[in-house]
Amino acid sequence: MKVNSTKILVVDDEIGYRKVLQNALTERGFLVKTAESGEDALDELKKQEFSIVIIDMKLPGSIDGLELLQRVKGMYNSSVLIMTAYGGIETAVEAMRRGAFNYITKPFNLDEIILNIDRLVAQQKIIEENKYLHSELEKVYGLKKIVGSSREIHKVLDMISRVAFSTATVLITGESGTGKELVARAIHFTGNRKDEKFVVINCATLSENLLESELFGHIKGAFTGAIKDKKGLFEEADGGTLFMDEIGDIPKSVQAKILRVLQEGEFITLGDTVTKKVDVRIIAATNQDLLKGVQEKEFREDLYYRLNVINIKMPPLRERKEDIPLLVKHFIEKYNKKENKQIKGISPEVEKEFYHYNWPGNVRELENIIERAITLTHEDIISVQVILPLVKKEEKDEITGDALFARPYKEARRKAIDSFNIKYITNILSKTNGNVTYAAKESGIERQYLQRMLKRYDIKSRNIIMEED
Ligand SMILES: Nc1ncnc2c1ncn2[C@@H]1O[C@H](COP(=O)(O)OP(=O)(O)OP(=O)(O)O)[C@@H](O)[C@H]1O
Ligand SMILES: [Mg+2]
């Protein structure tokens, strides 16, 4: 006999049915209890939970089948199978509406009952498995935090899941604000170190001495000001992950010591004599070109190769603009919650503006703009008037510096004037909420001339809403 831990409660007032079902189901390995009335059944249910309850609709006493069904559903996640006498279809249908899994009419065929039970068990197994998978996914929240549907982001997500379970060093490169730290966290919280510490150090903000003492710790008296022993971050992160942000800014003396940790897993605390062993996974990030650093002898070549075992390149936002809508939605939800607002989205003009913008500050810039727009907006849609002053206009297809001077004088002058005009006009219009008459008055530009410039620079399509006076 196959042992099956599924518990079944059979509720029927007729002893014949109870016996038949008990025998057949016990034979199949189920743990079966029986009850002859609703009250009796509730007593059993109070004692323990049953995954499956088989209920006869017609029961003696004050609790009938329908009520018992409801009581069971209120107590547990049990699946309920209904039995009904011929002619009781209406109540059976009602029972289905109240959450019964299925009904069978009496007199029944034993195979039919068994078939139903088998289906129920299979279904419950799937539900359990889904629950488990879901909780596992919940645990890897790191991955879920990375929003985007572009091919580039999928590649990054794919890389993360492939490297998460190894201890190989990862170097994450990419422009500022592309999500390097987010990826580092995702790697840690997806992998088997997720219950251990994730320690962050920003290498760019610390002086050489401080950086060393932060990383490796010091003992009391190691230098002036070292008034007591201090544990370093390598020790702090033992068993877990150390995220070294801005690794390109590490002075050469410290580079050698980090190399040693990477190669031998050991280091010496400042002022101490004994070597310490640690098991730390290193994830490093930089927005610099480390290879260039290597060529210029600023960055140790051996360290570079040690760090760059796995390289994840974060693409700039301008190269994956299809991610913008999802990111916008994500940040609106985030800041709605924070600011207790109910903003529903961005206007089509803002969408266009975002699409044409080149996002020098990448996702961080988008997040900041949405955050500020949400605090500024009083309607339920973020409008272009709110957005325009927040977007760095001058970044938009403007030619400056050497590129400008490389052109023939006439053309360069034209470009410079055009870009000045566009900047000037959009600025004044955003101040006057798009009102052309006010803008003309404010600026002292003749109204017709202003209108002509709007046409020439196609500023309407640049999404300033023009209110006709
Ligand atoms: N794909 C993304 N989905 C959701 N949020 C993102 C995404 N990419 C970046 N962010 C958010 O943008 C902000 C900047 O990301 P992060 O700090 O990881 O960037 P970074 O590459 O480390 O930048 P820096 O080089 O300036 O340190 C964070 O608030 C982060 O949560
Ligand atoms: Mg960062």
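Rules of the game
Residues numbered from 1 in each chain as written. Chains lettered and ligands numbered in written order. Predicted model: local features only at pLDDT ≥ 70, side-chain atom pairs only at ≥ 80, totals over all residues. Heavy atoms only, no water. Core = buried A, V, L, I, M, F, W, Y, C linked by side-chain atoms within 4.5 Å. Buried < 20%, exposed > 50% of the residue type's maximum accessible area, 1.4 Å probe, protein only. Helix = DSSP H or I, 4+ residues; strand = E, 2+ residues; numbered from the N terminus. Contact = heavy atoms within 4.5 Å. Salt bridge = Lys/Arg side-chain N within 4 Å of Asp/Glu carboxyl O. Pairing = 2+ DSSP bridges. Axes fitted to C-alpha atoms, helices over the stretch in contact; angles between N-to-C directions. Domains from an automatic or database assignment. Parallel < 35°, antiparallel > 145°, perpendicular 65-115°, else oblique. Left-handed = near helix turned anticlockwise from the far one by under 90°. UniProt positions renumbered as here; feature names shortened; annotations may be inferred. Phe/Tyr/Trp six-rings, centres within 6.5 Å; stacked < 30°, edge-to-face > 60°. Lys NZ or Arg CZ within 6 Å of the ring centre and 35° of its normal.

1. Regarding the nonpolar core
Step number 1: Counting 30 residues, the largest nonpolar core has Leu 215, Phe 234, Leu 242, Met 244, Ile 247 and Ile 258 as its most contacted members.
Step number 2: Broken down by element, the residue count for this core peaks at five residues, all from helix H11 (residues 252-264).
Step number 3: Among all residues touching Ile 258, those that are not within four sequence positions of it are Leu 215, Phe 216, Met 244, Ile 250 and Leu 303.
Step number 4: Ile 324, Tyr 357, Val 363 and Ile 369 belong to the second largest nonpolar core, which has 27 residues in total.

2. Focus on the pattern of salt bridges
Step number 1: Enumeration according to the criterion identifies 23 salt bridges in this entry.
Step number 2: Glu 181 is the salt-bridge partner of Arg 185, the closest N and O atoms lying 2.9 Å from each other. Here the residue Arg 185 and the residue Glu 181 both occupy positions in helix H8 (residues 180-190), the gap between them amounting to four residues, near one helical turn.
Step number 3: Between Lys 334 and Glu 367 there is a salt bridge, with its nearest N and O atoms 2.6 Å apart. Residue Lys 334 is found in helix H14 (residues 324-339), and its partner Glu 367 is found in helix H16 (residues 362-376); the two are separated by 33 residues along the sequence.
Step number 4: Judged by its relative accessible area of 17%, Glu 367 is buried.
Step number 5: Salt bridges linked by common partners bring Asp 12, Asp 56 and Lys 106 together as one network.

3. Some thoughts on the sheet that holds strand S10 (residues 241-245)
Step number 1: The strand order across the open sheet built from five strands is S7-S10-S13-S6-S14, with neighbouring strands paired in parallel fashion. One side of each edge strand has no neighbouring strand; the edge strands of this open sheet are strand S7 (198-202) and strand S14 (310-313). Each strand axis lies, on average, 20° off the axis of its neighbour in the sheet, ignoring direction.
Step number 2: Both strand S6 (residues 170-173) and S14 contribute to a ladder of four bridges, which runs parallel. The partner of Val 170 across the bridge, within S14, is Ile 310.
Step number 3: Sheet strands touched by helix H7 (residues 151-163): S6, strand S13 (281-286) and S14. Its angle to S14, the strand with the most contacts, is close to 155°.

4. Structural notes on the sheet that holds strand S5 (residues 102-106)
Step number 1: Here we have five strands laid out as an open sheet, ordered S2-S1-S3-S4-S5, and parallel in their pairing. Every interior strand has two partners, whereas the edge strands, strand S2 (31-35) and S5, have only one. Sheet twist, expressed as the average angle between the axes of neighbouring strands with direction ignored, equals 20°.
Step number 2: Where strand S1 (residues 7-11) lies against strand S3 (residues 52-56), four bridges are found, and the strand directions are parallel. Paired with Ile 8 across the two strands is Ile 52, which belongs to S3.
Step number 3: Strands in contact with helix H1 (residues 15-27) are S1, S2, S3, strand S4 (79-85) and S5; relative to S2, the strand with the most contacts, it is inclined by about 170°.
Step number 4: The strands that helix H3 (residues 65-75) touches are S1, S3 and S4; relative to S3, the one it contacts most, it runs at about 165°.

5. As for the domain arrangement of the protein
Step number 1: Domain boundaries in the protein define domain 1 (7-135), domain 2 (143-313) and domain 3 (321-456).
Step number 2: Taking only C-alpha atoms, the centre of domain 1 and the centre of domain 3 are 64 Å apart.

6. Observations regarding the side chain of Asp 12
Step number 1: With respect to the helices, strands and loops of the structure, Asp 12 is situated in the loop between S1 and H1.
Step number 2: If sequence neighbours within four positions are ignored, Asp 12 has contacts with Tyr 17, Arg 18, Ala 35, Glu 36, Asp 56, Leu 59, Met 83 and Lys 106.

7. Regarding unusual backbone geometry
Step number 1: With an omega of -5°, the peptide bond between Lys 106 and Pro 107 qualifies as cis.
Step number 2: Note that Pro 107 resides in the loop between S5 and helix H5 (110-139).
Step number 3: The residue Glu 246 is not glycine, and still its phi comes out positive at about 55°.
Step number 4: One can find Glu 246 in the loop between S10 and H11.
Step number 5: Backbone geometry places Asn 340, a non-glycine residue, at a positive phi of 55°.

8. Some words on the packing of H14 against H16
Helices that pack against each other are described as a pair by the angle of their axes relative to one another and the distance between those axes.
Step number 1: Closest axis-to-axis distance for the H14/H16 pair is 9 Å, and the angle between their directions is 45°. Considering their axes alone, H14 and H16 lie oblique with respect to each other. With respect to the hand of their crossing, H14 and H16 are arranged in right-handed fashion. Of H16, the residues touching H14 (which contributes Ile 324, Leu 327, Val 328, Phe 331, Ile 332, Lys 334, Tyr 335, Asn 336, Lys 338 and Glu 339) are Val 363, Leu 366, Glu 367, Ile 370, Glu 371, Ile 374 and Thr 375.

9. Focus on the UniProt feature "domain: Response regulatory" (unreviewed entry) in the protein
Step number 1: UniProt annotation of "domain: Response regulatory" (unreviewed entry) refers to residues 7-121 when read in the numbering used here.
Step number 2: Secondary structure across residues 7-121 divides into 48% helix and 23% strand, with the first and last C-alpha atoms of the span separated by 10 Å.

10. So, the packing of aromatic side chains
Step number 1: All chains considered together, the criterion is met by 10 aromatic pairs.
Step number 2: When the ring of Tyr 17 is compared with that of Phe 108, the centres are 5.3 Å apart and the planes differ by 40°; the resulting orientation is tilted. Here Phe 108 lies in the loop between S5 and H5 and Tyr 17 lies in helix H1, a separation of 91 residues in the sequence. Of the two residues, Tyr 17 and Phe 108, both sit in the buried class.
Step number 3: A ring pair is formed by Tyr 304 and Tyr 305, whose centres lie 5.0 Å apart and whose planes are at 75°; its orientation type is edge-to-face.
Step number 4: By relative accessible area, which is 10% here, Tyr 304 ends up buried.
Step number 5: A network of ring pairs unites the aromatic residues Phe 189, Phe 198 and Phe 243 as a single cluster.
Step number 6: Over the ring of Tyr 17 we find Lys 106; its NZ or CZ atom is 4.1 Å from the centre of that ring.
Step number 7: Note that Lys 321 overlies the ring of Tyr 355, its terminal NZ or CZ placed 5.5 Å from the centroid.

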